[in-house]
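Given next are the chains, with one letter for each unit.
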Amino acid sequence: MTRSRVLAARPVRPALLVLFALAAAVDLLDLAVGRDAGHAVAKPLLMPLLAAWAALRGAPRLLVAALLCGWGGDVLLLSDADPAFLAGMASFAAGHLCYLALFARVGRPRARAALLAPCYATALVATVALLWPGLPAELRLPVAVYSTLLTAMAYTATARLGPVAGVGGALFLLSDTLIATGVADWPQPPRPDLWIMLTYLAAQFLLVRGTLGEQRRLVNS
């Protein structure tokens, strides 16, 4: 983005962030009170607004692509049909691949973060093993593959971008684990969709902030 375009975009960026916050508030409030109408309208707006805000801040294309893959998953998961669930999982998986490629380009290895690798690997194996018996047979392999990609993304966010993106990756793990436990018929907290969306929105926002912060540090270093 040229300097003139950056300057022209400055007045728009706060408005996009406010719209994202408003859409998130409508979505979460609707889920908190057990309604679906506001959720169905607000959810498809969230990732495009966040992607537009990030793009106007000079975000790499891979970051915008990851968010738009998340948008695809969000829309598909509005349906309860099994094919839509698998397609939504595939869309999110594509987003995690975008994040992995992005972190490899933007981030820098952090030596201490390597100590966390066994923790993430153990969490992955334990989660898949515990969920496996309760998952429908046709979802077991897709969930295992998806969980591996998700865990790799979450770990790489910590290992290469630092704590802000790392917390985002961990919240993404938590959000999708809540979805998986619901599919496996585990006991759920009250209003599970509220906690799924709350952790998911925080995750995506922190991944964006962590990426933009790391990109800025690399430019200034």
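Scope of this entry: the structure provided in the associated data block. (Residues numbered from 1 in each chain as written. Predicted model: local features only at pLDDT ≥ 70, side-chain atom pairs only at ≥ 80, totals over all residues. Heavy atoms only, no water.)

**Concerning the packing of aromatic side chains**
Under the criterion given, the structure shown has 7 aromatic pairs. Summarising the aromatic geometry, the rings of Phe-92 and Tyr-200 are spaced 5.8 Å apart at their centres and angled 85° between planes, so their arrangement reads as edge-to-face. Residue Phe-92 is found in helix H5 (residues 82-106), and its partner Tyr-200 is found in helix H9 (residues 192-220); the two are separated by 108 residues along the sequence. Using a relative accessible area of 3% as the deciding quantity, one classes Tyr-200 as buried. When the centroid spacing of 5.5 Å and the interplanar angle of 80° are considered together, the rings of Phe-172 and Tyr-200 count as edge-to-face. Residue Phe-172 is located in helix H8 (residues 163-183), and its partner Tyr-200 is located in helix H9; the two are separated by 28 residues in the primary sequence. The same class applies to Phe-172 and to Tyr-200, which are both buried. Taken together through their ring pairs, the aromatic side chains of Phe-20, Trp-53 and Phe-205 make up a single cluster. (Phe/Tyr/Trp six-rings, centres within 6.5 Å; stacked < 30°, edge-to-face > 60°. Helix = DSSP H or I, 4+ residues; strand = E, 2+ residues; numbered from the N terminus. Buried < 20%, exposed > 50% of the residue type's maximum accessible area, 1.4 Å probe, protein only.)

**Structural notes on the packing of H5 against helix H7 (residues 137-161)**
Each packed pair of helices is defined by two parameters, the angle between the axes and the distance between the axes. Between H5 and H7, the shortest axis-to-axis distance is 9 Å and the interhelical angle comes to 25°. What the angle tells us is that H5 and H7 run roughly parallel. Of the two elements, H5 crosses H7, and the hand of that crossing is left-handed. Facing Phe-85, Leu-86, Met-89, Phe-92, Ala-93, His-96, Leu-97, Tyr-99, Leu-100, Phe-103 and Ala-104 of H5, the residues of H7 in contact are Leu-139, Pro-142, Val-143, Tyr-146, Leu-149, Leu-150, Ala-152, Met-153, Thr-156, Ala-157, Arg-160 and Leu-161. (Axes fitted to C-alpha atoms, helices over the stretch in contact; angles between N-to-C directions. Parallel < 35°, antiparallel > 145°, perpendicular 65-115°, else oblique. Left-handed = near helix turned anticlockwise from the far one by under 90°. Contact = heavy atoms within 4.5 Å.)

**Let's talk about the side chain of Ser-91**
Positionally, Ser-91 belongs in helix H5. A distance of 2.7 Å separates a polar atom in the side chain of Ser-91 from the backbone oxygen of Cys-69. (Polar contact = N/O pair within 3.5 Å; in protein donor to acceptor, adjacent residues only side chain to side chain.)

**What about the nonpolar core?**
With 52 residues, the main nonpolar core has Tyr-99, Phe-172 and Leu-201 as its most contacted residues. For this core, the secondary structure elements donating two or more residues are helix H2 (12-33), helix H3 (37-56), helix H4 (61-76), H5, helix H6 (117-131), H7, H8 and H9. (Core = buried A, V, L, I, M, F, W, Y, C linked by side-chain atoms within 4.5 Å.)

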